Amino acid sequence: MRTHYPRTPHLPWSPGATSDDVRTTGPGMLAGFAGREVVVTEKLDGENTTLYADGLHARSLDSGHHPSRAWVKGLQSRIGPGIPAGWRVCGENVYARHSLAYEELDAYFYGFSVWDGDHCLDWDRTVLFLRGLGVPGPRVLWRGVFDERSLRRLRLDTARQEGYVVRTVGGFDRADFGRRVAKWVRGGHVQTDTHWMYAQVVPNGLGPAAALWDARSGADPDTAGLLRAVGADTVVEAARFGTAGVETAGVEALVAEVADRIDGLGVRRSGEERLAGLLAAALHGVPRAALASRLAAGPLGMATARRVADLVGLHPALRRPFPYPDTERRAGLVRMAEAADLGVLHALAGALREWGDGSAEYVEWSALHAEEAGLLGPAPLEPLRAGLREALAGAGPGNGDAGGDGDGDADGHGNTDGHRGAGGHGGGRIGADAADRCWAEARRAYAQGKLTGPEEAVAATWRWRDGASFPRLVQLCGPSGSGKSTYARKLPGVEAYISLDDLRGARGSRSDQRDNADVLREGLDRLDSALASAARRGGTVVWDATSLTAQQRALAGSVARRRDALVTQAVLLVGEAELMRRNSTRAHPVPEPVLISQLRRFAPPYPGEAHRTWYIGADGTVEDTAGTIAAPAHAPARAATREEG
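Residues numbered from 1 in each chain as written. Predicted model: local features only at pLDDT ≥ 70, side-chain atom pairs only at ≥ 80, totals over all residues. Heavy atoms only, no water.

1. Considerations on the nonpolar core
Then, in step 1: L226, V258, L283, L291, L295, L311 and L342 are the most contacted members of the largest nonpolar core, which has 82 residues in total.
Then, in step 2: Residues within four places of V258 in sequence aside, it is in contact with G277, L278, A281, A347, L348 and A351.
Then, in step 3: In terms of nonpolar packing, the next biggest core, distinct from the first, is built from 20 residues, I498, L500, L503 and W543 among them. (Core = buried A, V, L, I, M, F, W, Y, C linked by side-chain atoms within 4.5 Å. Buried < 20%, exposed > 50% of the residue type's maximum accessible area, 1.4 Å probe, protein only. Contact = heavy atoms within 4.5 Å.)

Structure, rendered in structure tokens:
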């Protein structure tokens, strides 16, 4: 069934409204926005277009062929299988230049709403769903509770911007469209003598991010474009950073091979997973820690950057003989599935083994085990997590958890550093820390084959539902100058702070490494005592050390296990240049050769090494998490929950 997109009414102060336009005028016409959170996005100068699983149309349901529609038809053929039956994606086809010339577009189609029948999804689910398809959304100009004065104060560059659209963040039904969506359009927005459909088609310009969005949407990869988009100007530069010394043609062939393998997995991967796999192929020789910090500072953001790096770090394990009995392989694959899409990971390892290392049988054998364990599909652990999350939401009275992550968990209130403070939980829900602990223990039991579904997970995790029954350990991980101490000093509810630098300073000099063994023993003794004390109240202890390697992290980890602590690894990923700059201005700088040695040895933890992981960027905020029971913020929406405004 094809559905005509409704006409969007103009706001009362829109100068571009004409005599035949719909207007939000008269008493109460803005009442649909009053008291509601709204999002304001840039209105693009293009052609309104609706995509379905099996086709598309412009504003007119019987719109025919036009050269400017060829590109978006190709897009629909790629992403159509990812649009559920009865759903539609509405957006703007900006391939052809109309009145405004665009030079830096992310793509030739921007989605602005997603509909399940006659219901428009809420904004956040819309963005996640579009990203999963590989479709960008328009630029957000403002978000907050509707305030007419704030909106009237918005100033646009009308030589470059046509206007803006206001919509409620919450979802709504089609019958309420006129009360939940409105637009502001510049005066005289049509500035051409000939209608664009009858003029020569002049394509708008694409920016560097277009290669990333093409890869997300399923297009043939542009390897050079991908590398430029993430800051590697040429494949030669990528090779200089460690990409196996492969010539340009070889890297392009490898990326194309990985794309074919991902597209042939049988179940469509999200746009972000596909992009991560292609970038991992192009940059598979770059050291993992350097790759994660470098990509996180660019257009990908932390969530995708660390997934690319984890793919790069994990794929060699699939190309080696499994060192343990096959009965333990399932547990290892489950742990890998916490960090990476195993289908994409095997696609990467399978393509790389064709480059001469003779490991084909190991990759194929691993894939067979993963398939038998039900781990090759997208997000294989999500049903267990979602079921446990739903069960725990009504599991009993809550507790005042300290900490917790600020990405949408069930409880608490976010604060400026991206974490939840100590606070009372209730209303039939357990605290965020307790829920995350239950999820971590359920994952471990699932990996060991001790449980298979949410019901068993609920029964197996009862002892951790009381958030006051175990202490918390926040273990900082990162080179000197990455901001560990600055970040940790802002954490709420910390009962004890153990810094190896401080212990060295108490002996005479923070930089004196001669007594490291004694300092470490003293620190571990203090950690043990602090966790024992915190256990009586469910308090938080911070371990401030570089913790660069798994062996170093295991020392504090063994103390935490003895005290049954919830372990959170806070991983700081900051680029080398920024670290060098910070070190030069520190009150206690480390010698440059020491810092370079730290960077060389830094092996960030993978998800699953601790109960949960927080990934912290250069600005000191948590930008991604792993091991939390909350739905991951990067995941595409797979089903809509109707949110009546």
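2. A closer look at the packing of aromatic side chains
Then, in step 1: Enumeration according to the criterion identifies 10 aromatic pairs in this entry.
Then, in step 2: In this structure an aromatic cluster arises from ring pairing among Y5, F112, W115, F172 and F177.
Then, in step 3: Geometry around W213 places R216 over its ring, the cationic atom sitting 4.2 Å from the centre.
Then, in step 4: Of note, R437 hangs over the ring of F470, and the distance from its end group to the ring centre comes to 5.1 Å. (Phe/Tyr/Trp six-rings, centres within 6.5 Å; stacked < 30°, edge-to-face > 60°. Lys NZ or Arg CZ within 6 Å of the ring centre and 35° of its normal.)

3. Notes on the side chain of T568
Then, in step 1: Checked against the element boundaries, T568 lands in strand β14 (residues 566-572).
Then, in step 2: The buried category is assigned to T568, whose relative accessible area is 1%.
Then, in step 3: A polar side-chain atom of T568 sits 2.8 Å from a polar atom in the side chain of R612.
Then, in step 4: Every residue in contact with T568, bar those within four places of it in the chain, is listed here: L473, V474, Q475, R612 and W614. (Helix = DSSP H or I, 4+ residues; strand = E, 2+ residues; numbered from the N terminus. Polar contact = N/O pair within 3.5 Å; in protein donor to acceptor, adjacent residues only side chain to side chain.)

4. Let's talk about the pairing of strand β3 (residues 55-58)
Then, in step 1: Examined bridge by bridge, strand β2 (residues 47-52) and β3 share 4 bridges and lie antiparallel to one another. When the sheet's bridge partners are listed, L51 is paired in β3 with L56.
Then, in step 2: The hairpin turn running from β2 into β3, its antiparallel successor, is 2 residues long. (Pairing = 2+ DSSP bridges.)

5. Observations regarding the packing of helix α5 (residues 210-217) against helix α9 (residues 271-282)
Then, in step 1: Remark: α5 packs on α9, axes separated minimally by 7 Å, with the N-to-C direction vectors making an angle of 115 degrees. Considered as vectors, α5 and α9 are oriented roughly perpendicular to each other. In this structure, the crossing between α5 and α9 has a hand that is right-handed. On α9, the residues touching L212, D214, A215 and R216 of α5 are G271, E272, R274, L275 and L278.
Then, in step 2: Among the residues forming the contact of α5 with α9, the class breakdown is 4 nonpolar, 1 polar and 4 charged. (Axes fitted to C-alpha atoms, helices over the stretch in contact; angles between N-to-C directions. Parallel < 35°, antiparallel > 145°, perpendicular 65-115°, else oblique. Left-handed = near helix turned anticlockwise from the far one by under 90°. Nonpolar A, V, L, I, M, F, W, Y, C, P; charged D, E, K, R; others polar.)

Worth remembering: the numbers are spatial, not functional.
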